[in-house]
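What the coordinates show
Chain by chain, the residues run as shown.
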Amino acid sequence: GDIMNENELLYKIMKYIFSAVELNLYLDNFPTNQKAIDDYNELSRKIGFLVCKYEKCYGPLTNFGTASIENPEKWTSNPWPWENK
């Protein structure tokens, strides 16, 4: 697989989330469009995979209890993603 640094991974996650939101809005109007449903499900799968990958390498993206706890020291050792900006 391709190796991405923290910012590349974060950018890809944000890009996929933006696309998922757009598709979600589209599906509000066209709920039976199977292509859009398939695309949305594929994006959701990719987002889940990338978020999991990010959290294993760099720590939690959110603090809502959904974060992986395989690497708990990352919770306090690194700035939060939004603190880097």
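Residues numbered from 1 in each chain as written. Predicted model: local features only at pLDDT ≥ 70, side-chain atom pairs only at ≥ 80, totals over all residues. Heavy atoms only, no water.

Okay, the pattern of salt bridges next. It is possible for side chains bearing opposite charge to pair when their charged atoms get close. In total, this model carries two salt bridges according to the counting rule given. Its salt-bridge partner being Asp39, residue Lys35 comes within 2.9 Å of it at the nearest N-O pair. Of the two residues, Lys35 and Asp39 are both situated in helix α2 (residues 34-58); the distance of four residues between them amounts to about one turn of the helix. Judged by relative accessible area, which is 57%, Lys35 ranks as exposed. The closest approach of N and O atoms between Glu42 and Arg45, which form a salt bridge, is 2.8 Å. Taken as a pair, Glu42 and Arg45 lie in helix α2 at a separation of three residues, close to a single helical turn. (Salt bridge = Lys/Arg side-chain N within 4 Å of Asp/Glu carboxyl O. Helix = DSSP H or I, 4+ residues; strand = E, 2+ residues; numbered from the N terminus. Buried < 20%, exposed > 50% of the residue type's maximum accessible area, 1.4 Å probe, protein only.)

Time to look at the nonpolar core. Most often, soluble globular proteins keep nonpolar side chains buried together rather than apart. Counting residues in hydrophobic clusters, the biggest one holds 14 residues, and the most contacted among them are Leu9, Ile13, Tyr16, Leu43, Leu50, Tyr54 and Leu61. Going through the elements one at a time, α1 (6-29) and α2 are the ones with two or more residues in this core. Looking at this core, the element that brings in the most residues is α1, giving seven residues. Excluding anything up to four places from it in sequence, Tyr16 contacts Leu43, Lys46, Ile47 and Leu50. (Core = buried A, V, L, I, M, F, W, Y, C linked by side-chain atoms within 4.5 Å. Contact = heavy atoms within 4.5 Å.)

A cluster of nonpolar side chains, Ile17, Val21 and Leu25, forms an exposed patch at the surface whose accessible area comes to about 240 Å². As for its placement among the helices and strands, Ile17 is situated in helix α1. Among the residues examined, Ile17 registers a relative accessible area of 38% and is labelled partly exposed. (Patch = residues over 30% accessible without salt bridge, like charges linked within 9 Å, V, L, I, M, F, W, Y side chains within 5 Å. Areas by Shrake-Rupley, 256 points an atom, 1.4 Å probe, with all protein chains shown as cover.)

A separate point is the packing of aromatic side chains. Across all of its chains, the model carries two aromatic pairs by this definition. Between the aromatic rings of Tyr54 and Tyr58, the centroid separation amounts to 5.1 Å while the plane-to-plane angle is 50 degrees, which identifies the pairing as tilted. Of this pair, Tyr54 and Tyr58 are both found in helix α2, four residues apart, which corresponds to roughly one turn of the helix. Here Tyr54 falls in the buried class, since its relative accessible area comes to 1%. By relative accessible area, Tyr58 is classed as partly exposed at 22%. (Phe/Tyr/Trp six-rings, centres within 6.5 Å; stacked < 30°, edge-to-face > 60°.)

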